[in-house]
Amino acid sequence: MTVSTLTPPSVQCPKCGVHSIVEYKPTVYHCLKCDFEKDLSLPPEPQSSGLGATIMGLMGFGLVLLVLL
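Predicted, not measured: the structure shown is a model, and the values here were computed from it.

Asks: Please set out a nonpolar patch on the surface residue by residue, giving values where relevant.
Replies: Together, Leu51, Ile55, Met56 and Met59 give the surface a local cluster of nonpolar side chains, amounting to about 450 Å² of exposed area. Along the polypeptide, Met59 turns up in helix 1 (residues 50-68). For Met59, a relative accessible area of 52% corresponds to the exposed category.

If you want it as structure tokens, here you go:
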């Protein structure tokens, strides 16, 4: 197992924001502070649109209906 510390200031943990990321496999990065781990070889998980996007969509649909009437 090869461990290499990434030191560029642009590499930071997306969870805690600290620059203490370690690469312990060619595609796996691990944060030393909060134990966040990310395998970059896996496809990204789909994100839910959330309640705000649903409400905005319904409001837009309602506005279109008002304009058409």
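Asks: Go over unusual backbone geometry, please, and point to the residues and values.
Replies: For Asp35, which is not glycine, the phi dihedral falls at a positive 65°. Among the structural elements, Asp35 can be located in the loop between strand 3 (28-31) and strand 4 (37-39). Classification of Asp35 by relative accessible area gives exposed; the value is 54%.

Asks: So what's going on with the pairing of strand 2 (residues 21-25)? Which residues, and what values?
Replies: Pairing of strand 2 with strand 3, which is carried by four bridges, proceeds in the antiparallel orientation. Each residue of the ladder has a partner; that of Val22, found in strand 3, is His30. Between strand 2 and strand 3, which pair antiparallel in sequence order, lie two residues.

Asks: Please set out the side chain of His30 residue by residue, giving values where relevant.
Replies: Residue position: His30 is located in strand 3. A polar contact of 3.3 Å, which involves the side chain of His30, links it to the side chain of Asp35. Among the polar contacts listed, one links the side chain of His30 to the side chain of Glu37, at a separation of 3.2 Å. With residues up to four places along the chain from it excluded, the contact list for His30 reads Ser20, Ile21, Val22, Tyr24, Asp35, Phe36 and Glu37.

Definitions and limits used
Each chain carries its own residue numbering, running from 1 in the written order of its sequence. Whole-chain, interface and lining totals are the exception, using all residues; otherwise, since this is a predicted model, local features are given only for residues with pLDDT of at least 70 and side-chain atom pairs are given and counted only at 80 or more. Excluded from the side-chain calculations are hydrogens and water; all other atoms, namely the structure's heavy atoms, are used. Surface patches are defined over residues having more than 30% relative accessible area and no salt bridge, joining like charges when they lie within 9 Å and nonpolar side chains (Val, Leu, Ile, Met, Phe, Trp, Tyr) when within 5 Å. Residue-level accessible areas treat just the shown protein chains as cover; the underlying method is Shrake-Rupley with a 1.4 Å probe. Note on definitions: salt bridges are taken to be side-chain nitrogens of Lys or Arg within 4 Å of carboxyl oxygens of Asp or Glu. To qualify as a helix, a DSSP run of H or I must reach at least 4 residues; to qualify as a strand, a run of E must reach at least 2; elements of each kind are numbered from the N terminus. Working definition: with a 1.4 Å probe on protein chains only, accessible area under 20% of the residue-type maximum means buried, over 50% means exposed, and in between means partly exposed. Note: two strands are recorded as paired if DSSP finds a minimum of 2 bridges between them. Polar contacts, as counted here, are pairs of nitrogen or oxygen atoms within 3.5 Å of one another; within protein the pair requires one atom able to donate a hydrogen and one able to accept it, and residues that are adjacent in sequence qualify only if both atoms are side-chain atoms. Throughout, a contact is declared for two residues whenever any of their heavy atoms are within 4.5 Å.

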